[in-house]
Amino acid sequence: MNFSKKNHEHKNKNIKVVSNKVILSVAIVASIGLTSCKNETKKEAEPTTTTTEMSNEMAMTNLTFGVRGNCSMCKTTIEKAANSVEGVAAANWDVNKKKIDVSFDEDKTDAMAIHKAIAASGYDTEKVAGDEAAYNDLPGCCKYDHEMMMNQTGEMKEAQQSSQDHMEH
């Protein structure tokens, strides 16, 4: 009797070990299945995000206007002021032509907010005079002529430069 009782206990132990292995295997398979479902869900969501990004790019407005200034330090300050406006995606001021190209989201800002931000940094724009205190704090090389032409083509700049050369001689 003792022998059969031990044998019976041994079988119960084996059943428990096998049961635990089966449960563990089922849990692993289930977790792999759930993980792969999550990856498929993410893949399906990505095209929607891309479409949203594309529609945001299409909503950008491009604007060009004149801004007075002299040098590369002016360029840095002017572009920094324009880029500080929420909704501005890009700003590029041309030193020679005295004009800035700005790309912005009309849902977040407007042209006047950009003009005002640049003017607050001390620079005149076509629509807003530069802040006098900020202008006085600009480095000497950045103190521009308040009468200078803005939003020029390259040809006008050369013509203006040659007329200044004649006046100096």
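Residues numbered from 1 in each chain as written. Predicted model: local features only at pLDDT ≥ 70, side-chain atom pairs only at ≥ 80, totals over all residues. Heavy atoms only, no water.

K.L.:
Looking at this structure, I do not really get the pattern of salt bridges. What am I missing?
P.N.:
Summed over the entire model, instances satisfying the criterion amount to two salt bridges. A salt bridge links Arg68 to Asp124; the shortest N-O distance between them is 3.2 Å. Pair noted here: Arg68 is in the loop between strand 1 (60-66) and helix 2 (72-83) and Asp124 is in the loop between helix 3 (111-120) and helix 4 (132-136), with a separation of 56 residues, a long-range link. Here the two residues Arg68 and Asp124 agree in accessibility, since each one is buried. Put simply, Lys75 and Glu79 hold a salt bridge, and the shortest N to O gap is 2.6 Å. Of this pair, Lys75 and Glu79 both sit in helix 2, four residues apart, which is roughly one turn of the helix. Owing to a relative accessible area of 24%, Lys75 belongs among the partly exposed residues under this scheme. Under the relative-accessibility criterion, Glu79 is labelled buried at 15%. (Salt bridge = Lys/Arg side-chain N within 4 Å of Asp/Glu carboxyl O. Helix = DSSP H or I, 4+ residues; strand = E, 2+ residues; numbered from the N terminus. Buried < 20%, exposed > 50% of the residue type's maximum accessible area, 1.4 Å probe, protein only.)

K.L.:
Can you walk me through the nonpolar core in this structure?
P.N.:
In summary, soluble globular proteins display a tendency toward joint burial of nonpolar side chains. Val67, Ile78, Ile100, Val102, Ile114, Ile118 and Tyr123 are the most contacted members of the largest nonpolar core, which totals 23 residues. Of all elements in the fold, only helix 2, strand 2 (88-94), strand 3 (99-105) and helix 3 reach the threshold of two or more residues within this core. Every residue in contact with Val102, bar those within four places of it in the chain, is listed here: Thr61, Asn62, Leu63, Phe65, Val88, Ala90, Ala91 and Ile114. (Core = buried A, V, L, I, M, F, W, Y, C linked by side-chain atoms within 4.5 Å. Contact = heavy atoms within 4.5 Å.)

K.L.:
Any chance you could explain the packing of aromatic side chains here in plain terms?
P.N.:
Each aromatic ring pair is specified by the distance between its two centres and by the angle formed by the two planes. Counted by the stated rule, this structure contains two aromatic pairs. With a centroid separation of 5.7 Å and 20° between ring planes, the pair formed by Tyr123 and Tyr144 is classed as stacked. Taken as a pair, Tyr123 in the loop between helix 3 and helix 4 and Tyr144 in the loop between helix 4 and helix 5 (154-168) lie far apart in primary sequence, 21 residues in all. As far as burial versus exposure is concerned, Tyr123 and Tyr144 are alike and both buried. The interplanar angle of 75° and the centroid separation of 5.0 Å between the aromatic rings of Tyr135 and Tyr144 together place this pair among those described as edge-to-face. Here Tyr135 matches Tyr144 in class, with each residue buried. An aromatic cluster is built from Tyr123, Tyr135 and Tyr144, whose rings are joined through pairwise contacts. (Phe/Tyr/Trp six-rings, centres within 6.5 Å; stacked < 30°, edge-to-face > 60°.)

K.L.:
Please explain helix 3 as it appears in this structure.
P.N.:
Note that an α-helix has 3.6 residues per turn; residues three or four places apart therefore point the same way. Those residues of helix 3 not exposed but buried are Ile114, His115, Ala117, Ile118 and Ala119. Looking at the buried residues of helix 3, the elements they touch are strand 1, helix 2, strand 2 and strand 3. Downstream of helix 3 by a residue or two, Gly122 has a phi angle that is positive, lying close to 110°.

K.L.:
Is there a simple way to explain the side chain of His115 in this structure?
P.N.:
Positionally, His115 belongs in helix 3. Its relative accessible area of 2% is what places His115 among the buried residues. Within the local environment of His115, its side chain forms a polar contact with the side chain of Thr125, the two groups lying 2.7 Å apart. The residues touching His115, leaving out its near neighbours within four places in the chain, are Phe65, Thr125, Glu126, Lys127 and Val128. (Polar contact = N/O pair within 3.5 Å; in protein donor to acceptor, adjacent residues only side chain to side chain.)

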